[in-house]
Amino acid sequence: MITLVHFQIVSAALFSIGLYGVMARRSAILILMSIELMLNAVNINLVAVASFLDPDRFAGIIITIFVITVAAAEVGLALAIVLRLFRNRATINVDNMDLMKW
Amino acid sequence: MTWLVFTVLSGIIVGGGLGVVTTRNVVHAALFLLVSLIGVAGFYVLLLSEFLAVVQIFIYVGAIVIVLLFGIMLTRSGEYPRIADNEQWPAAVLMGLGFFALLALALLTHPNLSDERNEINLSILGESLFTDWALPFEIASILLLIALVGAVVLAREDKKS
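Criteria and cut-off values
- Residues numbered from 1 in each chain as written.
- Chains lettered and ligands numbered in written order.
- Predicted model: local features only at pLDDT ≥ 70, side-chain atom pairs only at ≥ 80, totals over all residues.
- Heavy atoms only, no water.
- Helix = DSSP H or I, 4+ residues; strand = E, 2+ residues; numbered from the N terminus.
- Rg over C-alpha atoms; globule rule 2.2 N^0.38 Å.
- Buried < 20%, exposed > 50% of the residue type's maximum accessible area, 1.4 Å probe, protein only.
- Areas by Shrake-Rupley, 256 points an atom, 1.4 Å probe, with all protein chains shown as cover.
- Lys, Arg positive; Asp, Glu negative; His and termini not counted.
- Charge placed at Lys NZ, Arg CZ, Asp CG, Glu CD.
- Contact = heavy atoms within 4.5 Å.
- Buried area = accessible area lost by both parts, 1.4 Å probe.
- Salt bridge = Lys/Arg side-chain N within 4 Å of Asp/Glu carboxyl O.
- Polar contact = N/O pair within 3.5 Å; in protein donor to acceptor, adjacent residues only side chain to side chain.
- Nonpolar A, V, L, I, M, F, W, Y, C, P; charged D, E, K, R; others polar.
- Expected span 1.5 Å × (residues − 1).
- Core = buried A, V, L, I, M, F, W, Y, C linked by side-chain atoms within 4.5 Å.
- Patch = residues over 30% accessible without salt bridge, like charges linked within 9 Å, V, L, I, M, F, W, Y side chains within 5 Å.
- Axes fitted to C-alpha atoms, helices over the stretch in contact; angles between N-to-C directions.
- Parallel < 35°, antiparallel > 145°, perpendicular 65-115°, else oblique.

Novice: I'd like to hear about the overall build of chain B, residue by residue, with values.
Specialist: Scanning chain B from terminus to terminus reveals six helices and zero strands. Of the regular secondary structure in chain B, the N- to C-terminal order runs α-α-α-α-α-α. Relative to the globule expectation of 15 Å for 161 residues, the C-alpha radius of gyration of chain B, 20 Å, shows a markedly less compact shape. In terms of overall dimensions, chain B has a C-alpha envelope of 60 × 45 × 25 Å along the principal axes. In chain B, which comprises 161 residues, the proportion classed as buried is 34%. Approximately 9,600 Å² of chain B is accessible, and the part contributed by carbon and sulfur atoms is 73%. Side chains of chain B carry 7 positive and 12 negative charges; the gap between the two charge centres is 19 Å.

Take a look at the structure:
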């Protein structure tokens, strides 16, 4: 019998993988991909909770739709920023973006 | 049967995720991301919300991964396509494992509230999206418009310089 906890464990694993990716990667695009992984982990969690515990309103499903919308907007905007960075600095390595570093 | 599907999908999701964060090749990372996202769509089917599975395939697989691949294509540099990790990766491994252990501990000690998956009623979903959630819905559309305009302004070539 599959219960809510199983979905939540997979979601936690995916979120931790995304967390590792955000901290260990140097390419801005790879960091973006890791953020997508984390957003998907949150979505699994929301849909699982909505499916198991909220049979009348399904609020988690609606929030997931909004998360997907915002993720689409975020990727478009972030890639525009990455392109602009690449044009100005000829690299997308975030370790080189230290202009405002104290 | 459900267990088999669940195990296979979990393997696809976690394996794809590990591929995204460990591979040195950026294009391979995008393809691993694709695999992981399709696994998540399978999870939505398993959670009886087929509508979200379709949305997931259309938007993530059809749009976001393609846009990421365009981004990879437009930003090739000297180290392309192999980009190394930074030197703080051991700390990141510890952080990731610790965070997972913490979450797993919290989830496993939590009492189980329900064993039953409920079918998502699409008509209730659509109705509440346009009544209870009408304001967030409009804000989301404005957000998309602003993001689109912002992306165009940012990515445009400078005419003067």
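Novice: Before we move on, could you go through the interface of chain B and chain A and cite the residues and values that matter?
Specialist: Taken together, the 86 residues of chain B in the interface contact 72 residues of chain A. Between chain B and chain A lies a buried interface of about 7,100 Å² when both sides are counted; carbon and sulfur atoms form 76% of it. Summed over the shared surface of chain B and chain A, the result is zero salt bridges. Remark: the boundary between chain B and chain A carries 11 residue pairs in polar contact (both at pLDDT 80 or more). Looking at the side of chain B that touches chain A, the elements that each hand over two or more residues are α1 (2–22), α2 (26–46), α3 (50–74), α4 (89–109), α5 (122–130) and α6 (134–155) of chain B. Ranked by the residues each element gives to the side of chain B that touches chain A, the list is headed by α3 of chain B, at 12 residues. Broken down by class, the residue content of the side of chain B that touches chain A amounts to 55 nonpolar, 20 polar and 11 charged.

Novice: Describe the side chain of S49 of chain B, listing the residues and the values that go with them.
Specialist: Within the fold, S49 of chain B resides in the loop between α2 and α3. If we ignore the near neighbours within four places in the chain, the residues touching S49 of chain B are V47 and I61 of chain A together with Y44 and I120 of chain B.

Novice: So what's going on with helix α3 (residues 59–89) of chain A? Which residues, and what values?
Specialist: With 31 residues, α3 of chain A should cover 45 Å at 1.5 Å per step; its first-to-last C-alpha distance of 44 Å lies within 8% of that length. Backbone geometry just downstream of α3 of chain A places A90 of chain A in the positive-phi region, at approximately 60 degrees.

Novice: Account for the side chain of S51 of chain A, with residues named and values stated.
Specialist: Topologically, S51 of chain A is positioned in helix α2 (residues 28–53). Discounting residues that sit within four places of it in the chain, S51 of chain A has contacts with L47, E116, R117 and N118 of chain B.

Novice: Quick rundown of the nonpolar core? Include the residues and the values.
Specialist: Side chains that are nonpolar tend, in soluble globular proteins, to be buried together. Core analysis: the largest hydrophobic core is formed by 65 residues, its most contacted members being F7 and M33 of chain A together with F43 of chain B. For this core, the elements supplying multiple residues, two or more each, are α1 (4–24), α2 and α3 of chain A together with α1, α2, α3 and α5 of chain B. Excluding anything up to four places from it in sequence, F43 of chain B contacts F7, V10 and I44 of chain A together with F6, L9, S10 and I13 of chain B.

Novice: So what's going on with α1 of chain B? Which residues, and what values?
Specialist: The terminal C-alpha atoms of α1 of chain B lie 30 Å apart, and with 21 residues this matches the ideal 30 Å at 1.5 Å per residue to within 8%. Along α1 of chain B, the residues classified as buried are F6, L9, S10, I13, G16, G17, G19, V20 and V21 of chain B. Taken together, the buried residues of α1 of chain B touch α1 and α2 of chain A together with α2 of chain B.

Novice: Now, about a nonpolar patch on the surface: what can you tell me, with residues and values included?
Specialist: Residues and elements named next belong to chain B. Nonpolar side chains collect at one region of the surface, where M1, L4, V8, I12 and V35 lie side by side and expose about 490 Å² of accessible area between them. Here the element with the most residues in the nonpolar patch is α1; it accounts for three residues. With respect to the helices and strands, the residue L4 is situated in helix α1. A relative accessible area of 54% places L4 in the exposed class.

Novice: How would you explain the packing of α1 of chain A against α1 of chain B if you had to name every residue and give the values?
Specialist: For the pair α1 of chain A and α1 of chain B, the least separation of the axes is 9 Å and the interaxial angle reads 10 degrees. The orientation of α1 of chain A with respect to α1 of chain B, classified from their angle, is roughly parallel. On α1 of chain B, the residues that touch H6, F7, V10, A13, L14, I17, Y20 and G21 of chain A of α1 of chain A are W3, F6, S10, I13, V14, G17, L18 and V21 of chain B. By residue class, the composition of the contact of α1 of chain A with α1 of chain B is 12 nonpolar, four polar and no charged.

Novice: Which residues make up unusual backbone geometry, and what are the values?
Specialist: Backbone phi values are negative for most residues with the exception of glycine, while trans is the configuration of most peptide bonds. Not every positive phi belongs to a glycine, and L48 of chain B is a case in point at roughly 65 degrees. Topologically, L48 of chain B is positioned in the loop between α2 and α3.

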